[in-house]
Amino acid sequence: MSGTERAGASATERAGASATEVPAGSRTEAPDAPDALYERLVAFQGLAAATAGTGKDPVNLPMIRHWCEAMGDAHPAYRGPDAVAPPTMLQAWTMGGLSGHTDRSSAYEELFALLDGAGYTSVVATDCEQEYPRPLRPGDEIGFDTVIESVSERKTTKLGTGYFVTTRTDVRAGGELAGTHRFRILKYAPAARPPRKPPARRPRPVINRDNAGFWEGVAGHRLLIQRCGDCAALRLPWLPGCADCGSREWDTVEASGAGTVFSYVVMHHPPFPAFDPPYAVGLIELAEGVRTISNVVGVPYDKVRIGMPVRLEFLRVDEDLELPVFRAGGED
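An account of the accompanying structure is given in this report. Given the structure is predicted, the values throughout are model-derived calculations rather than measurements.

Conventions used here
Here the residue numbers are simple positions, counted from 1 along each chain's written sequence. Where local features are concerned, this predicted model is filtered to residues with pLDDT of at least 70; where side-chain atom pairs are given and counted, the filter is 80 or more; whole-chain, interface and lining totals use all residues. Side-chain measures here rest on the full set of heavy atoms in the structure, leaving out hydrogens and waters. We count a stretch as a helix when DSSP gives it H or I for four or more residues in a row; a strand needs E for two or more, and each element gets its number in order from the N terminus. The criterion used for residue contact is that any of the two residues' heavy atoms lie within 4.5 Å. The rule for a salt bridge is simple: a side-chain nitrogen of Lys or Arg has to be within 4 Å of a carboxyl oxygen of Asp or Glu. The cut-offs for exposure are 20% and 50% of the maximum accessible area for each residue type, with area from a 1.4 Å probe on protein chains only; residues under the lower value are buried, those over the upper are exposed, and the others partly exposed. Here is the rule: rings of Phe, Tyr and Trp (six-membered ring for Trp) pair when centre to centre is within 6.5 Å. Planes less than 30 degrees apart are stacked, more than 60 are edge-to-face, and the remainder are tilted. Criterion for a charge above a ring: Lys NZ or Arg CZ within 6 Å of the ring centre, and within 35 degrees of the ring normal. By the convention used here, strands pair only if DSSP detects at least 2 bridges between them.

1. Details of the environment of Met267
- Note on placement: Met267 falls in strand β10 (residues 258-267).
- Considering only alpha carbons, one finds Met267 and Ala280, 13 residues apart in sequence, at a separation of 6.3 Å.
- Beyond its immediate stretch of four places on either side in the chain, Met267 contacts Pro277, Pro278, Tyr279 and Val281.

2. A look at the pattern of salt bridges
- All chains considered together, the criterion is met by 20 salt bridges.
- One salt bridge in this structure joins Asp35 and Arg154, with 3.4 Å as the shortest N-O distance. Of this pair, Asp35 sits in the loop between α1 (3-15) and α2 (36-41) while Arg154 sits in the loop between β3 (142-151) and β4 (155-156), placing them 119 residues apart in sequence.
- What makes Asp35 buried here is its relative accessible area of 14%.

3. Description of the packing of aromatic side chains
- The tally for this structure, following the rule as stated, stands at six aromatic pairs.
- Both rings, one in Tyr120 and one in Tyr163, keep their centres 5.2 Å apart while their planes meet at 85°; by these two values the pair is edge-to-face. With Tyr120 in the loop between α4 (106-117) and β2 (122-131) and Tyr163 in strand β5 (residues 160-173), the pair connects residues that are 43 residues apart, well separated along the chain. An identical accessibility class is assigned to Tyr120 and Tyr163; each is buried.
- Taking 5.8 Å as the distance between ring centres and 25° as the angle between the ring planes, the aromatic pair formed by Phe275 and Tyr279 counts as stacked.
- Through successive ring pairs, a cluster of aromatic residues spans Phe214, Trp215, Trp238 and Trp250.
- Arg291 extends its terminal NZ or CZ atom over the ring of Phe262, reaching a point 3.6 Å from the ring centre.

4. With respect to the pairing of strand β11 (residues 279-286)
- With six of eight residues buried, β11 lies mostly within the body of the structure.
- By the bridge criterion, eight bridges tie β10 to β11 in an arrangement that is antiparallel. When the bridges of β11 are listed, Met267 appears paired with Tyr279.
- Inspection of the sheet shows β11 paired to strand β12 (residues 291-297) by five bridges, in the antiparallel sense. Opposite Ile284, over in β12, you have Thr292 as the bridge partner.

Written out as C-alpha cells, the structure reads:
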C-alpha cells in the first residue's frame, strides 16, 4: 500500500465512514450549534494532498519569457545566460495544465467529496502566500509535496456559507527547498439570491404646452418639425418662438425619416437604470436640414460612423412609451 493510500485510509477512519451530509440549504440547527461536519473536516489537517509530485517541464527560458511579456516585467535578471525565473512564477512550475493533476491523494479527494456531499459545491480562490528560499534557474527539475494545512470553522460570507481550505506546497529543485506556496480556497454553498427587481423603466419625457404637439406626433409615428409662420425657418427641438425672426406663429411639417449621423458619442458610464451601456447616441441631421439627438440602432455601437445614413423608426420601450430612434443603413 502506498503512502498516499495509507493517508486516505487514515482520513476515512478519522473523518467518519460516510461522506454524505444533509445539504447546507436544508440545515435547521441554530447558528451557535456544534458543527458536526467541521469535526470531520479537521481530521484532514496535516494529511498529504499530493506527494512526490513533479513539474511537467523543467524551469526554462521560453516560459520565463512568456511570463515576463504577459506581466510586463522587463527586469534584466530574467534574461540572458545567468537568468533566474521570476519568484512569482513558483506555482506555474507545479500546475497540471489542461490535462489536470494526476498526483492528488485520496485524502484530498475525500475532503472535497465530503464538502460536496454536504452541499458546499461552489469554490472560489481567496488568496495565496509564497516564500522564496532560493531562486529557480533554467534547467532546474521541479518536485513538490502538498499538505492540507488547515480547514477553517464554518464561515458566512457574501458569497455564501462554507469552509476555507488551505494547502501548503513545498517546491524543490534538485531536492533543495526553493519555495513554499500556500493557497486558500472557499468551498461554499451559494447564498440565496435576492428576488429580482422588476425591470427599470425609461425616464418619462417632460411634456409641456410648448412640446406637447411633438409627442402627440410621436404617438402617431410621425416626427413633426416646427416651421415658422413668418420666415418658414424649420426648428427642432420645438420652441415657443422662432430663433431667426422671433415670430410666435408656426405650423408643422412631417419629417421624411431620412438622415445621416452628423456626430455621435458612445455611452459607457454611468450605467443609468433601464439603459444597457455601451450604446451609441447620435446627433442626426435630417434630410430637412434640422438636427435631433437619438439612439443609433441596428449596428454595433463601435460601428457607428459620421456620415452613416440612417432611417427613422419608432421603438416601444414599455407599455406606454415609444421613442423615435434611427436605424443604420437607412438609405432607400
